[in-house]
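As a plain string of letters, each chain reads:
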Amino acid sequence: MKFIKTILIFTAVAFIGCKNIHNNITDSKSLKFYVGTYTNKTADSHSEGIYQYQLNKNGTIDSLSLVAKTESPTFLTKSFDGKYIIASNSKKEGTITSFLIQKDRLKEISVSKVDNDPCYVTINKNNYILTANYGSGTTNLHQIDENGVLTKTLDTQQNKMNAPSKHPRQEKAHTHSCYFEPNSTNVISIDLGANKLIFGTIDSDFNKIVPNEFSELEMPAEAGPRILTFHPTKPWIYVVNELAATVTFIKKNVTNNSYKIVQTVETLANEDKPGNTSAHIEITNDGKFVYITNRGHDSVGVLKVLDSGKLELIQTISTHGKHPRNFALSPDNKFLLVANRDTNNICSFKRNHKTGKLTFVSDVKAPKPVCILF
């Protein structure tokens, strides 16, 4: 069996969050973006699927329309050719759905089964798709063809616990996100329950996920890793830890394809931490600032990237809503948009390019928003 093991190249931009890396950076008057939601009926909201909004040049946001009816599309990604959106449908008997992007709507093309409670989906330039399934602690492998049709599951990686944890959310494996390392077939799965990062490789001859020689990295005890972001030019990874409300800085040794934890930094002062969990993380195009969301404290944390790669918390600002989930930087990095699930709104913040700090601009109503995709 021939295993394709391409060395990770960090000079490319990575797939992270619901961030779309294929847009050209422009100074156009407005940018349209998609919003994934929870569709479960509540007293204050009833979402029907994926919505489209518009970010204006001054940072205000306009609501446009419902563009696709689909069940709880809580995570979205876009194909490299820009033709298709793939949504993970968050439900016990999970699915992923592909859509053709049209002018004012998304046309459903195909649906494929995944494992329980999918919460993250991503795609690479070879049209391989990874889906992280929280309920089953697995990562599924699919592909999509030139017509937007999804294959059945090609392979499944089952994560396992290495050591017991006293935390109630670490009773078993819970995969929370998965990634293609830039310009490679290497993959990373983040498991909140098993408290580790799992490293593998796509064997394209057999459409399998196979372990790398350096196969796992244990995180600090009860950290609960959730989402990561890649530095755009350095072999550095930043992981937001949900349970501990921290960010861990990891360096890769490119020579031997291994990883080492360098620093773990708090996202809040100790007096603000009770009841708080962290949700999402992004890094700016220039690699100088990292942003995270806090749920409970309901804030965005701004961290400066020092020359060493270590982080320094420089600002914490209210999200002007409750339970912030995913957020996104606009393609030109002038604005940051946050999805507040429990207050049914999306808030925009203007970035200071030099200091990285944020200033609140405005908000708009949105039904149970949890993912933003430009």
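Each remark here, short or long, concerns the structure printed above.
What this report covers is the structure whose coordinates are included nearby. (Residues numbered from 1 in each chain as written. Predicted model: local features only at pLDDT ≥ 70, side-chain atom pairs only at ≥ 80, totals over all residues. Heavy atoms only, no water.)

Some words on the nonpolar core
Condition: The criterion is simple. A nonpolar core is a set of buried Ala, Val, Leu, Ile, Met, Phe, Trp, Tyr and Cys residues joined through side-chain atoms within 4.5 Å. In this scheme, a residue with accessible area under 20% of its type's maximum is buried, one over 50% is exposed, and one in between is partly exposed, where area comes from a 1.4 Å probe on protein chains only. For helices the rule is a DSSP run of H or I covering at least 4 residues; for strands it is a run of E covering at least 2, with both sets numbered from the N terminus onward. By definition in these notes, contact holds between two residues if any of their heavy atoms fall within 4.5 Å.
If you look at the biggest cluster of nonpolar residues, it comprises 59 residues, and the most contacted ones within it are Ile50, Leu197, Leu228, Tyr238 and Val290. Here this core gets five residues from one element, more than from any other, and that element is strand E17 (residues 236-241). In contact with Leu197, other than residues within four places in its own chain, are Ile188, Ser189, Ile190, Ser215, Glu216, Leu217, Met219, Pro225, Leu228, Val239 and Ile250. Counting 16 residues, the second-largest nonpolar core is a separate cluster that includes Leu55, Phe335, Ile346 and Ala366.

Overview of the layout of surface pockets
To keep things clear, this is the line we draw: Points on a 1 Å grid over protein atoms alone make up a cavity when a 1.4 Å probe fits among them but cannot get out, and a pocket when they form an open set with protein on both sides within 12 Å along at least five of seven lines; lining residues each have an atom within 4 Å of a point. Grid points are joined across faces, edges and corners, and a volume is the space filled by probe spheres set on the points. Under this grouping Gly is polar, as are all residues other than the nonpolar Ala, Val, Leu, Ile, Met, Phe, Trp, Tyr, Cys and Pro and the charged Asp, Glu, Lys and Arg.
Taken as a whole, the largest pocket encloses approximately 320 Å³ of empty space. Every residue lining the largest pocket is counted, 21 residues in all, and those nearest its centre are Tyr38, Cys119, His176, Arg226 and Arg325. Within the residue set of the lining of the largest pocket, elements represented by two or more residues are strand E4 (73-78), strand E8 (118-123), strand E16 (225-230), strand E20 (277-283) and strand E24 (324-329). Residues that form the lining of the largest pocket fall into these classes: nine nonpolar, five polar and seven charged.

Remarks on the packing of aromatic side chains
Worth spelling out the cut-off: For Phe, Tyr and Trp, rings pair up if their centres lie within 6.5 Å, where Trp contributes its six-membered ring, and each pair is then called stacked (planes under 30 degrees apart), edge-to-face (over 60) or tilted (otherwise).
Taken as a whole and judged by the stated rule, the model has 11 aromatic pairs. Ring geometry for Tyr120 against Tyr179: centres 5.2 Å apart, planes inclined by 55°, an arrangement best described as tilted. Of this pair, Tyr120 sits in strand E8 while Tyr179 sits in strand E12 (residues 175-180), placing them 59 residues apart in sequence. We note that Tyr120, like Tyr179, is buried.

Overview of the side chain of Asn140
As a reminder, the rule being used: Polar contacts, as counted here, are pairs of nitrogen or oxygen atoms within 3.5 Å of one another; within protein the pair requires one atom able to donate a hydrogen and one able to accept it, and residues that are adjacent in sequence qualify only if both atoms are side-chain atoms.
Within the fold, Asn140 resides in strand E10 (residues 138-143). For Asn140, the side chain forms a polar contact with the main-chain nitrogen of Asp115, separated by 3.0 Å. Discounting residues that sit within four places of it in the chain, Asn140 has contacts with Val114, Asp115, Ile129, Leu130, Thr131, Asn133, Thr153, Asp155 and Thr156.

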